[in-house]
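Survey of secondary and tertiary structure
Here is what each chain is made of, one letter per residue.
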Amino acid sequence: TLPTLSTTLHSPSTSTSSTTTGYHRRIIIMDGATQELRQTLSTPPPNYHPTPGRNGATNQIAILHASLEHLRSVGDERYLFLRTLLEVLTLRGFLGGDSSSNNHNSNNNNGTSTMPQSQPQPLSGEEEQLLFHCATGLRHVVLFRWDMFRPSLRCCLRDLLLALGLGLTTNISNGNNSTGTGSGSAQQHHRHLPRTVAMACLSCASSFWKRGWTKPMASYSSSNDVGDDQQSYLESLMCNQLLPNMRRFHGGGGGEEASSSRELFVHLNSLMASPFEQQQPSAMQQQIQYTAAMSASFLSLLVGEFTGGNSSSRYNLPLEFHRLCHRVFENGSENNGSAANNNAASGANSNQSGLDSTLQLSMSALSSLVGYVLNNTTASSSPLSPSAGAPIAGSVLQDKSLLELASRIVDVTCDVLSWEFGAGASKWDFANGSSTRSKGIGNNASGGATVLLRPPQRWRESLINPEFLGAVFRTYSAVRTGRESCSDDSDENRARLAHSLRQLLLQLASIAMGPIFADENERGAYAGFFLDGCLNEMESILNEDQQRRQQLQQQQQQDDFIVSDHTSAEVVDLVTILSRLTTNFKVKTLSRLQQPAFPRYLTAIATMGKWLLESSLAECQRLEGDVECMEGVHWRNDALAQILQCSDAIAGDYWLLSGTTAGHQEAAQVSQMLASMLAPLYGPYCICRVRMSCLEEHFIAREGAELDEIREEISAFSLEEELSSAASLGRLNVLASMTTLSGMFQQCMPRLVSLFECVGSPGDMSPDMAALLEEARMLLLCAGHLLTDDCVGETPAIPESVINACQPGRGGPDGDACTGSIVTLVDMLKSVAESQAVKVAAYPEDPRLSPLLAKTLLWFFGRWGPAYLFPSSDEYRENSAGGILGANSTPKTAEPKVSFCTTLCLLYFCHWPQEKEVMDESTSLLLALAKRGSTVRTLMTQSPSFEKMAALHSVCASLRHNASPPEISTAMSTIGGDLSNDVVRGYMRLPYDDRARVLTCLVVACSEMSNEKASVMLNSCMKAVEAPFSNLVQALGNKQANSKDINVQESACLSILLYSGIVLASEMSEPERIPHFITPSLPYLSGLMAFYAEDLTICESLLKLFRDYAERYIAMMSRSQCIELFSASASLLKHYSEHHCHNRVVVPKRSEGAEEEFEEEQKYNDVVCAIQLLIHLGTKDFTSACNAGYTTMSSSNGLETTQITDVIFFGLQQILPLMSQGLLQFPTLCQQYFSLVGFMVETYPEKLCALPSFDLFHSLLESLLFGMSHPDPLVSKSSLVGLASLAREHIRTHALDAHLSKRPDIFESCTARMIQEVIFQPIIWDRLEPAGMALLPLIAALGVPRFVGVVNKISQRVLGADDERRGRLHNAFERLVRPEVLAKVANATEGRDARVVRVQFKRDFDVFVRDVQSFLIVK
């Protein structure tokens, strides 16, 4: 007895007639699959351990999910997924139709139908979800158990799912009865499956198509006959009863499979072309359009399956299958190789590849779409406004179905153009950078993050077609025009189509130079055509906005400057296309286009940028600075960023900057064009950006809003990038840009000076004052980026564009004016900085003084001073000393600037010592000047402010923050001078690390040995550090001071940091003087660790001091100095490990964010410092070996290798117990540790092999095995190099015999883990060479018989009973392991023969990995 329908389906929309019809359709299926599936899913699977929900309740959703996964994994032996899918669709009228009626009619005596014809009924939400999981579950089961299904059933399933997804089943089922009368009837006849279910069916069908693409669908093993009766029944049910007229694509093997794929494309082509042929009645036309749209979606899914990037399917097949599919789909049949390739040749179109067929189909449909839209477009007189009769599409572009179809066609075209060429492309090849990727579509062929496309020459006819491009642009114009007259749904679909068309145009604009272009002239014509189309659309947007504003003015309405979402997306996409054109075709090609293309292009960019800036400013003004509530701020910023990026690319074009090219005259003319047309955008940019910042600051001050530090940091970083790009724009015309900034400064500075004059009188910070300070800060940032570059790690230099603009010869008569404007601007900034600093000295607590403004002023002078003071003409292309190069090239002109900078810093040191950011910029400014050269150093030491700074250091070197007045008086009387008590107290409040940085500046600036005054100051500064430290050490040694006393601890911390400040002065002149000063103090410094090992602050400071000292000076140390350093370091690490290795438990916490993870890692920064110290100590052996070749004194000054390695391995033994896997989870610490271990094992393997304790050796070995599979390739390489070195050392000297006696399987374990965790994994490709070089000595150390045993165990564990793949794996190892190669390695062959062996094994290993991974990695 069949259960009633209500027990299996719960849809409120089921009517009585449909229930009756569904009952008789159930007779066809006969087995209640839906109810059985529901019962199966509601029952927990075996060995299921549920996670309790809230209040201990059972989580039913978790049970359903677990049961679903279990049913998929066991293979669904009762075909519940398929049967439920058929049952529900039949009950709802999507399958069956006339077939079921005819079946019943044949059983009636009178031959007439007793059941009425039903129409498709809507699915409930539960049914929709159930069908989705049935479709995806069916895909998983069939793909994983492919050979268990009959070939004919697989073909039937593939074709049925395709028909369901395309919406063809209702038409097929209902035959000629599908025409109804009235819209209601039509709506019933053409009800479609929900999109989620339809797309799941298409995705399943596309997976089945790929599965049989290279191998005939009829390749069915007759031995797998289990369930053939059930499969025959299901196939007969689908083909003969439910859907007898279904379109079949038969593939019986050989050429029939190729014919099957051709039939597929022919069928899809007819479906996608039919909407643009003869018009049908409205209801039928919508059905045809829907089917065509789903056909395009299927093509996109099919392409995604072959690329692997957009597929969620798992095929349970090795990587070689996916590579072969990718290659055959791209290139068609291949008849040039092995049997596998011969099989592939029989499964693909020998004349045209699947990719080419897809491109041809999509381009044909796109051409039909374009023609259809243009032929059904009405036009009128005005080219601008729809209301005045602009070219607008009629009802054709208000048809929702057509718009959806058009979007799908454009999408599939974009998917095809995004194809990555090469057999190993996308996710099917993990060997990034291999030779197989030479035909990739982008500059960076790894992954899909490419920018430029390089399609093959065979696509030339389809893509390089001006008529087609013009039609696409005209279609886009028709789509975007007249949106105001559309309904909401139609408008949304038109916006989506417009966006898809812009993405298509962006891809077409990304076609780079290559075989697809016949020559450079054709490439230029292509660029010109594109440029013209984009500029037309951009000008239309600007004209429409202008008309809108005029209409609002006529109506006396205020413009709200709110742009629709569609227009905003259009602007962003269009400027992105222009930016891509600039990047792709370069200025040289664009400037040679037929005029006025290039001038029009520059004007459009400048006009659009100005419009964006002014719109943002107007919106900000309307909201009175409330940026959070601004409409469209994000898209405007995105569009402006693209424009600035485009301007940056233009300004930095090599053709414009290289002055020796053959087209120099032409480039100069283009530069003039840029200066006159594009550079004027810089003025509005500065005005609008500064004004918006002022309004925002005014709003924040008025409302008292709290600022998010992280958000402010991100905003500052974005502003820095934006200003750098804007500076490139401003340098196109330096004089005009300086004129703009000078005018803005002249308006701002008098008000700012007036504000400073009020400091000291009663008052508080007002919103207007805050806005004024922000205005000054923004102007400083603009000026700083315009006049200077960020020269971190480089010699500071004046930008070449500034030099050229200031040269009378090249800058024209305006050269002197440009130089004068820069000098005037700098003088103005000096006066402002001086005004605030003087007020800071008098009233440091006044809230109207801005630390942020002070920081920005110091930042400006820190970038300006090193570049503009005493510039060397030899560093520039133009050797002339005139212009800006001569403005500060003499001591007379430079001395006031140097004195001003030192005085400014001194004032901040003494009166704002707690302003951290101000202190950072002050010390950075002083150090940048001190490193500029001997002339600047001499000028610094001649400055009275600098002398005062040195005296303050000498006084305060022994003064803690809590020093008593008598201590201060004693220190002042000892040093002498005219220092006031307030100044000393102010400097004394400086944090200790800031005092150390000031000392670094003093040492570097006073390092000129030819300057007696500087030498005296240097000696005084160093003695001021040495004396209090000696007293402290003596007091601790004599037990006159208690190490636990807070004052003693603070004195120790101060002394250590001041010594660190001296150590960091390695850029001084004659830096060999530092080791002479530091060496006598090293034993006492390391001795402090015995007192303060448990104090992490002092402990870390000591480790940093020794690390920095070793890093900076070990190469220049003498033998005695090195011995002293090694001895002190050993003592330091011993005391450190005695406390931390036993008393410190490392338990990394799982942090929620990156900031918390960073803070957690910082807690172990002392361990990082200890490791880095050992790394730097180890470099001495290398530098000594290098120096030995250049000096005859090496024997007397050199150092024995054993003296170095003993200290390093002693330190390593101290650290090893602390290095747990928990600690190695921290990235920085992990990198440093493996850098040390890898270097030491590679250089001194005999030392590590002879570690005294097996537990210590085992800990080291386990860390190497942990590191070889680490995600960081540097960590992995260090670990693999270490393993290789250990194995080679054992082969050479049997150094591991002692450890092997305790654990004989060391080499077996290492080899097995390396093969399984590295070589067999996708991560192998970024560590291929070190893995091969580690495997070779491990195999040699094992010997062939033992290695064969390891391989047998691995193959049994990994492949189980898969004899075919096990045989392939053994054969691959046999080809890799050659006895003659192993014999040479086992005999420790050296020299040329060893190099030949390594090179040969490296090649064989590369082939081995590619071969093995192709059938081991399953996707």
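A few points on the structure. (Residues numbered from 1 in each chain as written. Predicted model: local features only at pLDDT ≥ 70, side-chain atom pairs only at ≥ 80, totals over all residues. Heavy atoms only, no water.)

1. Side note on the overall build of the chain
Stated formally: A run of H or I in DSSP counts as a helix once it spans at least four residues, and a run of E counts as a strand once it spans at least two, with each numbered from the N terminus. The cut-offs for exposure are 20% and 50% of the maximum accessible area for each residue type, with area from a 1.4 Å probe on protein chains only; residues under the lower value are buried, those over the upper are exposed, and the others partly exposed. Residues count as neighbours in contact if any of their non-hydrogen atoms are within 4.5 Å of one another. The accessible surface values rely on the Shrake-Rupley method and a 1.4 Å probe; as for residues, cover is taken only from the protein chains in view.
On a plain count of helices and strands, the chain comes out with 62 helices and two strands. Burial analysis of the chain (1419 residues in total) assigns 54% to the buried set. Relative to all contacts within the chain whose residues are 6 or more apart in sequence, the contacts with residues 24 or more apart total 79%. Carbon together with sulfur atoms contributes 51% to the accessible area of the chain, which is approximately 60,000 Å² in total.

2. Some points on the packing of helix α7 (residues 151-166) against helix α11 (residues 228-242)
Selection rule: To get an axis, fit a line to the C-alpha atoms, keeping to the stretch in contact for a helix; angles then go from 0 to 180 degrees between the N-to-C directions. Helix crossings are classified by the rotation of the near helix relative to the far one: an anticlockwise turn of less than a right angle makes the crossing left-handed, while a clockwise turn makes it right-handed. Only Asp, Glu, Lys and Arg are considered charged, only Ala, Val, Leu, Ile, Met, Phe, Trp, Tyr, Cys and Pro nonpolar, and every remaining residue, Gly among them, polar.
Put simply, α7 and α11 touch, their axes get as near as 10 Å, and they point 35° apart. Handedness of the α7/α11 crossing: left-handed. Contacts between α7 and α11 pair S152, L153, C156, L157 and L160 from the former with Q231, E235, M238 and C239 from the latter. Along the lines of polarity and charge, the residues of the contact of α7 with α11 split into six nonpolar, two polar and one charged.

3. Side note on the pattern of salt bridges
Put simply, the test is: Here, a salt bridge means any side-chain nitrogen of Lys or Arg that lies within 4 Å of a carboxyl oxygen of Asp or Glu.
Following the criterion strictly, the structure yields 54 salt bridges and no others. In this structure, the salt-bridge partner of K916 is D920, at a minimum N-O distance of 3.9 Å. Taken together, the residues K916 and D920, both in helix α36 (residues 916-930) and four residues apart, mark about one turn of the helix. Under the relative-accessibility criterion, K916 is labelled partly exposed at 38%. Its relative accessible area of 24% is what places D920 among the partly exposed residues.

4. Observations regarding the side chain of T582
On the secondary structure map, T582 appears in helix α22 (residues 565-591). On the basis of relative accessibility, which here comes to 3%, the residue T582 falls in the buried class. Not counting residues up to four positions away in its chain, the partners in contact with T582 are L590, Y601, C646, A649 and I650.

5. Concerning the nonpolar core
As a reminder of what qualifies: Here, nonpolar core refers to any group of buried Ala, Val, Leu, Ile, Met, Phe, Trp, Tyr and Cys residues whose side-chain atoms link them within 4.5 Å.
Ranked by internal contacts, the top residues of the largest apolar core, which has 436 residues, are Y601 and F861. By residue number, the principal contributor to this core is helix α23 (residues 597-622), which donates 13 residues.

6. Considerations on helix α61 (residues 1379-1386)
To keep it simple, the criterion reads: Directions pointing from the helix axis toward each C-beta atom define the arc.
When we look at burial in α61, the residues that qualify are V1381, L1382 and V1385. Across the axial projection of α61, the buried residues extend over an arc of 95°, all falling on one side. The inward-facing, buried residues of α61 contact α55 (1273-1293), α58 (1328-1342), α59 (1344-1359) and α62 (1392-1416). Of the residues one or two after α61, A1388 is the one with positive phi, at around 55°.

7. Side note on a positive patch on the surface
We count it as follows: Only residues whose relative accessible area exceeds 30% and that take part in no salt bridge are eligible for patches, with like-charged residues grouped when within 9 Å of each other and nonpolar side chains (Val, Leu, Ile, Met, Phe, Trp, Tyr) grouped when within 5 Å. His is not counted here, nor are the chain ends, while Lys and Arg score as positive and Asp and Glu score as negative. Note that the charge is assigned to NZ on lysines, CZ on arginines, CG on aspartates and CD on glutamates.
Residues R1288, R1392, R1395 and R1398 make up a contiguous surface patch of positive charge. Tallying contributions element by element places α62 first for the positive patch, with three residues. Along the polypeptide, R1395 turns up in helix α62. Judged by its relative accessible area of 47%, R1395 is partly exposed.

8. Overview of the packing of aromatic side chains
What counts here: We call Phe, Tyr and Trp rings a pair once their centres come within 6.5 Å, taking the six-membered ring for Trp, and we label the pair stacked below 30 degrees between planes, edge-to-face above 60, and tilted otherwise. Counting as a charge over the ring demands two things of the Lys NZ or Arg CZ atom: a distance within 6 Å of the ring centre and an angle within 35 degrees of the ring normal.
One pass over the structure, following the stated rule, counts 34 aromatic pairs. Centroid distance F861 to W864: 6.3 Å. Interplanar angle 85°. Geometry classified as edge-to-face. Residue F861 and its partner W864 are located together in helix α34 (residues 851-868), separated by three residues, close to a single helical turn. Accessibility classification places F861 together with W864 in one group, the buried group. Look at Y1233 and F1234: their rings are 5.1 Å apart centre to centre, the planes differ by 75°, and that puts the pair in the edge-to-face class. These aromatic residues form a ring-pair network of at least three members: W209, W213, F249, F265, F306, F329 and W419. Here K210 stacks its cationic end above the ring of Y315, 4.8 Å away from the centre of that ring. Sitting over the face of the ring of F900, K830 holds its NZ or CZ atom 5.7 Å from the ring centroid.

9. As for the state of the cysteines
We count it as follows: The definition used for a disulfide is geometric: two cysteine sulfur atoms within 2.5 Å.
Using the criterion set out here, one finds zero disulfides in the structure. Looking at the unpaired C905, the closest cysteine sulfur is the one in C901, lying at 6.7 Å.

10. What about the environment of L1261?
As for its placement among the helices and strands, L1261 is situated in helix α54 (residues 1254-1268). For L1261, the contacting residues outside a window of four places in its chain are L1283, L1286, I1306 and C1310.

11. Concerning the environment of S591
To keep it simple, the criterion reads: Definition of a polar contact: a pair of N or O atoms within 3.5 Å, with one able to donate and the other able to accept a hydrogen when the atoms are protein atoms, and with sequence-neighbouring residues admitted only if both atoms are side-chain atoms.
Counting through the fold element by element, S591 comes out in helix α22. Taking the relative accessible area as the measure of exposure, S591 reaches 10% and is therefore buried. Sequence spacing of S591 and G528 is 63 residues, and the spatial spacing of their C-alpha atoms is 9.9 Å. The contact partners of S591, leaving out residues within four places of it in the chain, are F598, W655 and V670. A polar contact is formed between the side chain of S591 and the backbone oxygen of K588, at a distance of 3.1 Å.

12. A short note on helix α42 (residues 1012-1037)
Defined as follows: Expected helix span is computed as 1.5 Å times (number of residues minus one).
The end-to-end C-alpha separation of α42 is 37 Å, in line with the 38 Å expected for 26 residues at 1.5 Å each. K1039 occupies a position one or two residues after α42 and carries a positive phi of about 60°.

13. Thoughts on a negative patch on the surface
Side chains of E696, D708, E709, E712 and E713 sit close together on the surface and give a patch of like negative charge. Here the negative patch takes three residues from helix α28 (residues 709-730), the largest share from any one element. Within the secondary structure, E713 sits in helix α28.

14. Here we look at the environment of V1281
For V1281, the position within the fold is in helix α55. Sequence separation between V1281 and E1242 is 39 residues, and the spatial gap between their C-alpha atoms is 6.4 Å. Discounting residues that sit within four places of it in the chain, V1281 has contacts with G1238 and E1242.

15. So, unusual backbone geometry
In this chain, Q595 is followed by P596 through a cis amide linkage whose omega measures 10°. Following the sequence through the fold, P596 ends up in the loop between α22 and α23.

16. Some remarks on the packing of helix α4 (residues 80-91) against helix α6 (residues 125-144)
The geometry of α4 relative to α6 is characterised by a closest axis approach of 8 Å and an angle of 145° between their N-to-C directions. The element α4 and its partner α6 pack so that their crossing is left-handed. When α4 is examined against α6, the residues F81, L82, T84, L85, V88 and L89 are found in contact with a partner set consisting of L130, L131, H133, C134, G137, L138 and V141. Class assignment for the residues of the contact of α4 with α6 results in 10 nonpolar, three polar and no charged.

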